[in-house]
Amino acid sequence: VRCDDQALRVTLTDGRTIVRPVRDFPRLLGASQAARDHWVLLGGGEGIHWPEVDEDLHVGALTR
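For the structure given in this document, a descriptive report is provided here. Given the structure is predicted, the values throughout are model-derived calculations rather than measurements.

Cut-offs applied
Residues numbered from 1 in each chain as written. Predicted model: local features only at pLDDT ≥ 70, side-chain atom pairs only at ≥ 80, totals over all residues. Heavy atoms only, no water. Pairing = 2+ DSSP bridges. Helix = DSSP H or I, 4+ residues; strand = E, 2+ residues; numbered from the N terminus. Axes fitted to C-alpha atoms, helices over the stretch in contact; angles between N-to-C directions.

1. Topic: the sheet that holds strand β6 (residues 55-58)
Then, in step 1: Spatial ordering of the open sheet is given by β4-β5-β6, a layout of 3 strands whose pairing is antiparallel. Two strands close off the open sheet at either side, each with one partner strand: β4 (40-42) and β6. Direction aside, neighbouring strands of the sheet carry axes that sit 25° apart on average.
Then, in step 2: Direction of pairing for strand β5 (residues 47-50) relative to β6: antiparallel, over a ladder of 4 bridges. Directly across from Trp 50, in β6, lies its bridge partner Glu 55.

Structure follows, in structure tokens:
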């Protein structure tokens, strides 16, 4: 998982990388880079959680 001012990038275990504009995620857009860099995987990699901004994303939703 990488997130900056422009994009959220998630590399899956099968090698695919999903790239979405960070503007699609207002909490991440408004977060500091340090907060974006602090994430944890949930449910064996099914979700991503950013504790400082209380953002949770389901990885499956990113692929749709």
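Structure's up, so let's keep going.
2. With respect to the sheet that holds strand β1 (residues 2-3)
Then, in step 1: Reading across the sheet, the 3 strands line up as β1-β2-β3 and stay open at both edges, with antiparallel pairing between neighbours. The open sheet is flanked by β1 and β3 (17-21), the only strands paired with a single partner.
Then, in step 2: Alignment of β1 against strand β2 (residues 7-11), held across 2 bridges, turns out to be antiparallel. From the neighbouring strand, Cys 3 faces β2, where its bridge partner is Leu 8.

3. Structural notes on the pairing of β2
Then, in step 1: Hairpin connection from β1 to β2: 3 residues lie between these consecutive antiparallel strands.
Then, in step 2: Strand direction decides the pairing type here: β2 and β3, joined by 5 bridges, are antiparallel. Note on β3: the bridge partner recorded for Thr 11 is Thr 17.
Then, in step 3: Where β2 folds back onto β3 in an antiparallel hairpin, the turn is made up of 5 residues, including Gly 15, whose phi is positive at roughly 95°.

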